[in-house]
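# Examining the three-dimensional arrangement
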Amino acid sequence: MRSQIMKSGERENYGLLYQTPRCHPFVKWAGGKSQLMPQIIRLMPSKFGRYFEPFLGGGAVFFYIASSDRNTFLSDTNTDLINAYKVIRNHVEDLITILRYHQTEYNKSPIRYYYQLRDRTNSLNKIENAARFITLNKTCYNGLYRVNKNGSFNVPIGRYKNPLICDTDNLRKMSIVLRQSGSYLGVSDYKKILVEKADKGDFIYLDPPFYPISNTANFTSYTNNGFTFEDQKELAIIFKELTKRRCKVLLSNSNTDEIRRLYSDFSHLTEAAIVNRSINSIGSKRIGHKELLIRNYT
Ligand SMILES: C[S@@+](CC[C@H](N)C(=O)[O-])C[C@H]1O[C@@H](n2cnc3c(N)ncnc32)[C@H](O)[C@@H]1O
């Protein structure tokens, strides 16, 4: 797909892209960008300096553009998610050992093992915590991440026949990519990292929790802090601030009048897209979710 989409002359800008192993997101994540990738790739700037993805989630865009000669800043507010990335980068073989154990035990008795693991929170080290996080993500309902007031994960088991809990090959490739790209990887609010670090010529992909399309499609809580319309307004202000700094910014969000209004200065640089969304409480609303891709460069 890459070679079809890349225009001649652009390859150079992607540096050592062809030397990095191909891998895909290790989590099923609400708002995951796999379906939108062809359109996102087409809209990416052909030249840029460092890469920022401050609403990281499964990191589909990062894994596409990762290369060993580019500095990247990867962050998210979800501490379990970022811990899992760090463990994949630094301790992948230990992680694989524990995931294989979870895979075996889950296969023996899925429901019993799922709830046993979900309710086990005390005294886990960071590698055990990452293995628990990945196992629950692969086996829970729709890959949803939801915690109660005490921060305990409370999503029920999903309906999977043979979920692949330990994708050894992909985890090893991810580990190489994360080590090669010399990335900053951390828990951070998007504002802090961008205000402190982003500079002229950097490319920033913003994929915030979506503003809901309708009252029933209000899935915006990936951590225990929701992302409100006030947060969306603040994000639009940051988008403008980054534009003044001459950063190249691409943002995805839902195709609603409210979001279009927030970015009306960039309407000539806004495109619509349609993707199938699986995280929705109403089955019939899972198809044809409309999204916007808004950028501040030509
Ligand atoms: C739409 S998802 C990103 C999906 C991602 N692009 C992918 O390919 O999977 C939004 C992410 O933003 C994170 N998030 C929510 N509020 C945040 C904040 N204030 N700062 C940084 N990250 C935040 C959530 O934890 C979630 O992982």
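Residues numbered from 1 in each chain as written. Predicted model: local features only at pLDDT ≥ 70, side-chain atom pairs only at ≥ 80, totals over all residues.

When helices and strands are counted, the protein chain shows 11 helices and seven strands. Each of the 298 residues in the protein chain was classed as buried or not, and the buried ones make up 36%. A separation of at least 24 residues holds for 74% of the contacts in the protein chain among residues at least 6 apart in sequence. (Helix = DSSP H or I, 4+ residues; strand = E, 2+ residues; numbered from the N terminus. Buried ≥ 20, exposed ≤ 12 C-beta atoms within 10 Å, placed from the backbone. Contact = placed C-beta atoms within 7 Å.)

With that settled, the discussion passes to the packing of helix α5 (residues 92–108) against helix α7 (residues 126–139). Packed helices, taken two at a time, are described by the angle between their axes plus the distance between the axes. Where α5 contacts α7, the axes come no closer than 9 Å and their chain directions differ by 45°. Put simply, α5 runs oblique to α7. Once α5 is placed against α7, the crossing between them reads as right-handed. Of α7, the residues touching α5 (which contributes D94, L95, I98, L99, H102 and Y106) are I127, E128, A130, A131, I134, T135 and T139. (Axes fitted to C-alpha atoms, helices over the stretch in contact; angles between N-to-C directions. Parallel < 35°, antiparallel > 145°, perpendicular 65-115°, else oblique. Left-handed = near helix turned anticlockwise from the far one by under 90°.)

Now for the pairing of strand β4 (residues 203–206). Here β4 shows two buried faces, one formed by F203 and Y205 and the other by I204 and L206. Sheet analysis places strand β1 (residues 51–53) next to β4, joined by two bridges and oriented parallel. Within the sheet, the bridge partner assigned to Y51 lies in β4 and is F203. By the bridge criterion, four bridges tie β4 to strand β5 (residues 248–254) in an arrangement that is parallel. When the sheet's bridge partners are listed, L206 is paired in β5 with L251. (Pairing = 2+ DSSP bridges.)

A positive phi angle, close to 55°, is found at N142, a residue other than glycine. Within the secondary structure, N142 is located in the loop between α7 and α8 (168–180). A positive phi angle, near 65°, is found at R246, a position not held by glycine. You can see R246 is positioned in the loop between α10 (229–244) and β5.

Attention shifts here to the nonpolar core. In terms of nonpolar packing, the biggest core is built from 65 residues, with A84, I88, I134, I204 and V249 touching the most fellow members. Top contributing element to this core by residue count: helix α3 (residues 60–65), with six residues. Two domains share this core, each providing at least three of its residues, namely domain 1 (2–78 + 182–295) and domain 2 (84–169). The contacts of I204, once residues within four sequence positions are left out, are F52, L194, A198, L242, C247 and V249. (Core = buried A, V, L, I, M, F, W, Y, C linked by C-beta atoms within 7 Å. Domains from an automatic or database assignment.)

Another aspect to go through is helix α4 (residues 79–90). Here α4 spans 16 Å end to end across 12 residues, near enough to the 16 Å set by a 1.5 Å rise per residue. Looking only at α4, the buried set comprises D80, L81, A84, Y85, V87 and I88. Along the long axis of α4, the arc covered by the buried residues comes to 165°, so they all point the same way. The inward-facing, buried residues of α4 contact β2 (72–76), α5, α7, α8 and β3 (184–187). (Expected span 1.5 Å × (residues − 1). Arc of directions from axis to C-beta.)

Here we come to the environment of N154. Locating N154 in the fold gives a position in the loop between α7 and α8. Considered as a pair, N154 and R118 are 36 residues apart in the sequence and their alpha carbons are 7.6 Å apart. Filtering out sequence-adjacent residues up to four positions away, N154 remains in contact with R146, V147 and N148.

Moving on, we get to the packing of α4 against α8. Two elements in contact, α4 and α8, have axes whose closest approach is 7 Å; the angle formed by their N-to-C orientations is 90°. The angle between the axes of α4 and α8 places the two elements in the roughly perpendicular class. Only L171, M174, S175, L178 and R179 of α8 make contact with α4, whose side of the interface consists of Y85, I88 and R89.

This next bit is on the environment of I98. Tracing the backbone shows I98 in helix α5. Along the primary structure I98 and T135 are separated by 37 residues, whereas in three dimensions their C-alpha atoms are 9.9 Å apart. Residues contacting I98, with those up to four places away along its chain left out, are I127, E128 and A131.

Put simply, the protein chain has an average pLDDT of 86, and 84% of its residues get 70 or more. Residue range residues 1–18 is modelled with pLDDT below 50. Its contacts to residues more than four positions away, or to other chains, number 17 contacts. This model gives residues 279–285 a pLDDT under 50, and the stretch forms 12 contacts once residues within four places in sequence are excluded. (pLDDT = per-residue confidence, 0-100.)

Assignment of secondary structure puts V92 in helix α5. Note on V92: 21 C-beta atoms within 10 Å, which makes it buried. For V92 and S175, which are 83 residues apart along the polypeptide, the C-alpha to C-alpha distance reads 6.6 Å. Leave out the neighbours within four places in its chain, and V92 touches L171, R172 and S175.

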